[in-house]
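# Report on the structure
Below are the chains, spelled out letter by letter.
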Amino acid sequence: MRGETVTGREQAVWTRATLGQTGRPLDLLTARFDRHRYAPHAHEEFSVGVCFRGASFIDYRGGGIHAGPGAIIVLAPGEAHTGIADPDGYAYRALYPAPSLLADGTLGSGTPHFREPLLHDPDLATALLTAHAELSACPDPLETESRLPWLLTALARRHSTARPVPDTVPGADGIAHAVRDRLADELLAPPSLADLATDLGLSRYQLLRAFRTTMGLPPYAWLAQHRVTRARSLLESGHRPAEAAALVGFADQAHLTRWFRRVLGVTPAAYRNSVQRNGNRNRVQRDNASRNSVQDVRP
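Residues numbered from 1 in each chain as written. Predicted model: local features only at pLDDT ≥ 70, side-chain atom pairs only at ≥ 80, totals over all residues. Heavy atoms only, no water.

## Some thoughts on the pattern of salt bridges
Keep this limit in mind: When a carboxyl oxygen of Asp or Glu lies within 4 Å of a side-chain nitrogen of Lys or Arg, that pair is called a salt bridge. A run of H or I in DSSP becomes a helix once it reaches four residues, and a run of E becomes a strand once it reaches two; helices and strands are each numbered from the N terminus.
Here the structure, examined in full by the defined rule, presents 14 salt bridges. Two residues, Arg 158 and Asp 121, come together in a salt bridge whose shortest N-O distance is 2.9 Å. Highlighted residues: Arg 158 in helix H3 (residues 141-159) and Asp 121 in the loop between strand S9 (118-119) and helix H2 (122-137), separated in sequence by 37 residues. Linked by salt bridges that have partners in common, Glu 134, Glu 143, Arg 147, Arg 258 and Arg 262 make up one network.

Put into structure tokens, the structure is as follows:
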């Protein structure tokens, strides 16, 4: 779901992603402002933003924040703030997660507290910007649930006052294989990670940690590669890319193409054409060989 407001050079685009098939929505904002001034307001959720161009000034907790490119800004639920661009304007991406998404990998049940709202963590800032951009364009529920809670947990574990839970998850191999098998069995409508974690008596963070440790990649990436393998067989048997995409659970042909290129380096259409050409060539060679063999044995 997208909502867009454009005024002159200013632009604000809202996208709503979903955490798993049955999870709650998560709002994503991409904005570029030159003159816009936010009125004093507060959010029920956290506001986590990353500036990627220009700079902004934010009034918060009785002081001022000057956020430039690469800065992560974390504003707590219920705390009033404003925002205005510096003279050259600014652009940023923000998401609005429930406190539980940041608390999943920490000890205790309270809301994580950030003493400083302005954080400098280049690797995490880049990861947040990349995930935000890709999920705004293609908000796949399992990908959203695999990527954003993981990054938000990292944010709280690195920069809040909350104590992190241990990284080691007992029985990680068995957990990962159980999750893998469920995803493979239900690839058209995969269960949410939250539901899988509940079934296994884990938190979502523990499930993600166990899966990443054992499989070497997050659940959404494993499932996407499994779908590509299944789609590859369908293309070889003559299905069109759009048909293959639907049969293995991708949102559409573009979603299949994005992952097919990541995994195999070519588009599904190019792969289908290639295997069909090779198949036709092999059939011709076999037919010629058969005819020559028949000619050789004639009296």
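## Section: the confidence of the model for the chain
Using the following cut-off: pLDDT runs from 0 to 100 and stands for how confident the predictor is about each residue.
Chain-level pLDDT for the chain is 90 on average; 90% of the residues reach the 70-or-more range. Per-element confidence in the chain is highest for strand S7 (residues 72-75), whose mean pLDDT is 98, and lowest for strand S1 (residues 2-7), whose mean pLDDT is 55.

## Describing the layout of surface pockets
Just so we agree on the cut-off: Residues are said to line a cavity or pocket when one of their atoms sits within 4 Å of a point; the points come from a 1 Å grid over protein atoms alone, cavities being sets where a 1.4 Å probe fits but cannot get out and pockets being open sets with protein on both sides within 12 Å along at least five of seven lines. Grid points are joined across faces, edges and corners, and a volume is the space filled by probe spheres set on the points. Three classes are used, and their members are as follows: Ala, Val, Leu, Ile, Met, Phe, Trp, Tyr, Cys and Pro are nonpolar, Asp, Glu, Lys and Arg are charged, and the others, Gly among them, are polar.
Each pocket or cavity is described by its volume, and for the largest pocket that value is around 270 Å³. Considering the residues around the largest pocket, the lining is formed by 19 residues, among which Tyr 38, Ser 47, Ile 58, Leu 75 and Tyr 92 are closest to the centre. Those elements giving two or more residues to the lining of the largest pocket turn out to be strand S4 (37-41), strand S5 (47-60), S7 and strand S8 (81-96). Looking at the lining of the largest pocket, the element that brings in the most residues is S8, giving 7 residues. Along the lines of polarity and charge, the residues of the lining of the largest pocket split into 11 nonpolar, 8 polar and no charged.

## Here's the deal with the packing of aromatic side chains
Our working rule: Two aromatic rings, drawn from Phe, Tyr or Trp (for Trp, its six-membered ring), form a pair once their centres lie within 6.5 Å of each other, and the interplanar angle then sorts them: stacked below 30 degrees, edge-to-face above 60, tilted otherwise. Relative accessible area decides the class of each residue, using a 1.4 Å probe on protein chains only: under 20% of the type maximum gives buried, over 50% gives exposed, and in between gives partly exposed.
Under the criterion given, the structure shown has 8 aromatic pairs. Seen from their ring centres, Trp 150 and Tyr 205 are 5.6 Å apart, and the 20° between their planes marks the pair as stacked. Within this pair, whereas Trp 150 is found in helix H3, its partner Tyr 205 is found in helix H6 (residues 204-215), the two being separated by 55 residues in sequence. Aromatic side chains Tyr 220 and Trp 259 sit 6.0 Å apart centroid to centroid with 70° between the ring planes, which places their arrangement in the edge-to-face category. Pair noted here: Tyr 220 is in helix H7 (residues 219-236) and Trp 259 is in helix H9 (residues 253-264), with a separation of 39 residues, a long-range link. Looking at Tyr 220, the relative accessible area reads 13%, which means it is buried.

## Here we look at the pairing of strand S2 (residues 10-18)
The cut-off we apply is this: Whether two strands pair depends on DSSP finding at least two bridges between them.
As paired elements, S2 and strand S3 (residues 25-33) share 8 bridges and run antiparallel to each other. Of the residues in S3, the one forming a bridge with Gln 11 is Arg 32. Joining the antiparallel neighbours S2 and S3 is a turn of 6 residues, in which Gly 20 adopts a positive phi near 80°.

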